[in-house]
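Listed below are the residues making up each chain.
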Amino acid sequence: MTSDSAPVRFDTKIAVLLRDDLQTWQRLNVTAFLVSGLGTALPEIIGEPYADADGTPYLPLFRQPVLVFEGSKEVLRAAHTRILSRELPRSVFTSDMFGTGNDADNRAVVRAVPGADLDLVGLAVHGPRNAVDKVLKGARMHP
């Protein structure tokens, strides 16, 4: 909301797509990992730092909402293909990453599998609203 309480409509969209068979802790963990990738690669989507009335500083956050969706394994695979064809900024999380304990091992398990064979459990994407909407075809808002 702006200062006059009018809703803000963004030209771009940040979206996370999660596989619908994940446990709650997995959904939260995957979402956090995925959006961290977007935030570091796209500094323009990060707002200014926060401070409370006492002057205590806080880190900046995304400038716009993050929408979370869910879908089947097939929906994730189709979304992945569409993201790549549109060359949109994206991050991925695969089922193999649940078995690792650090960033180097996470990268290694992704690198070991061809893109078409990744066992995707989550994707994050940023781009023009219409393009992201098309990427997410078949997904539904996370409850």
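The present account deals with the structure reproduced in this document. (Residues numbered from 1 in each chain as written. Predicted model: local features only at pLDDT ≥ 70, side-chain atom pairs only at ≥ 80, totals over all residues. Heavy atoms only, no water.)

Things to note about the overall build of the protein chain
For the protein chain, the count of helices and strands is four helices and seven strands. Along the protein chain, helices (α) and strands (β) appear in the sequence β-α-β-β-β-α-β-α-β-α-β when read from the amino end. The C-alpha radius of gyration computed for the protein chain amounts to 16 Å, which stays within 12% of the reference 15 Å derived for 143 residues, consistent with globular compactness. Along the first, second and third principal axes, the C-alpha atoms of the protein chain reach 50 × 35 × 30 Å. Out of the 143 residues in the protein chain, the part that is buried amounts to 32%. Here the analysis covers contacts within the protein chain between residues at least 6 apart in sequence; of these, 75% occur between residues at least 24 apart. Entry remark: accessible area of the protein chain is about 8500 Å², with carbon and sulfur atoms responsible for 56%. Side chains of the protein chain carry 16 positive and 17 negative charges; the gap between the two charge centres is 8 Å. (Helix = DSSP H or I, 4+ residues; strand = E, 2+ residues; numbered from the N terminus. Rg over C-alpha atoms; globule rule 2.2 N^0.38 Å. Buried < 20%, exposed > 50% of the residue type's maximum accessible area, 1.4 Å probe, protein only. Contact = heavy atoms within 4.5 Å. Areas by Shrake-Rupley, 256 points an atom, 1.4 Å probe, with all protein chains shown as cover. Lys, Arg positive; Asp, Glu negative; His and termini not counted. Charge placed at Lys NZ, Arg CZ, Asp CG, Glu CD.)

Observations regarding the nonpolar core
Within the largest apolar cluster, 16 residues are counted, with the highest numbers of intra-cluster contacts made by Leu 17 and Leu 136. Those elements that provide at least two residues to this core are strand S1 (12–19), helix H2 (73–86), strand S6 (120–128) and helix H4 (129–135). Looking at this core element by element, the count peaks at four residues for H2. Non-local contacts of Leu 136, meaning those with residues more than four positions away in its chain, are made with Ala 15, Leu 17, Phe 69 and Arg 82. Ranked by size, the runner-up nonpolar core spans 14 residues in total, among them Leu 18, Leu 34, Leu 42 and Ala 124. (Core = buried A, V, L, I, M, F, W, Y, C linked by side-chain atoms within 4.5 Å.)

What to know about the sheet that holds S6
Strand order in the open sheet formed by five strands is S5-S6-S1-S4-S7, with mixed pairing between adjacent strands. Every interior strand has two partners, whereas the edge strands, strand S5 (90–94) and strand S7 (140–141), have only one. Across five bridges, S5 lies against S6 in antiparallel orientation. Bridge assignment links Ser 91 to a residue of S6, and that residue is Ala 124. (Pairing = 2+ DSSP bridges.)

Concerning the pairing of S6
Taking burial as the measure, the nine residues of S6 include eight buried ones, the bulk of the element. Note: S1 against S6, seven bridges, orientation antiparallel. When the bridges of S6 are listed, Ala 15 appears paired with Val 125.

A few points about the pattern of salt bridges
Throughout the structure, instances matching the rule amount to eight salt bridges. The partner of Asp 20 in a salt bridge is Arg 140, and the shortest N-O contact between them spans 3.3 Å. Of this pair, Asp 20 sits in the loop between S1 and helix H1 (24–41) while Arg 140 sits in strand S7; the two residues are 120 residues apart in sequence, bridging distant segments of the chain. Its relative accessible area of 31% is what places Asp 20 among the partly exposed residues. Arg 27 is the salt-bridge partner of Glu 70, the closest N and O atoms lying 2.8 Å from each other. Here the residue Glu 70 occupies a position in strand S4 (residues 66–71), and Arg 27 occupies one in helix H1, the gap between them amounting to 43 residues. In the salt-bridge network here, residues are joined through shared partners; they are Arg 19, Asp 21, Lys 73 and Asp 119. (Salt bridge = Lys/Arg side-chain N within 4 Å of Asp/Glu carboxyl O.)

Fair warning: the whole summary comes from geometry, so function is off the table for now.
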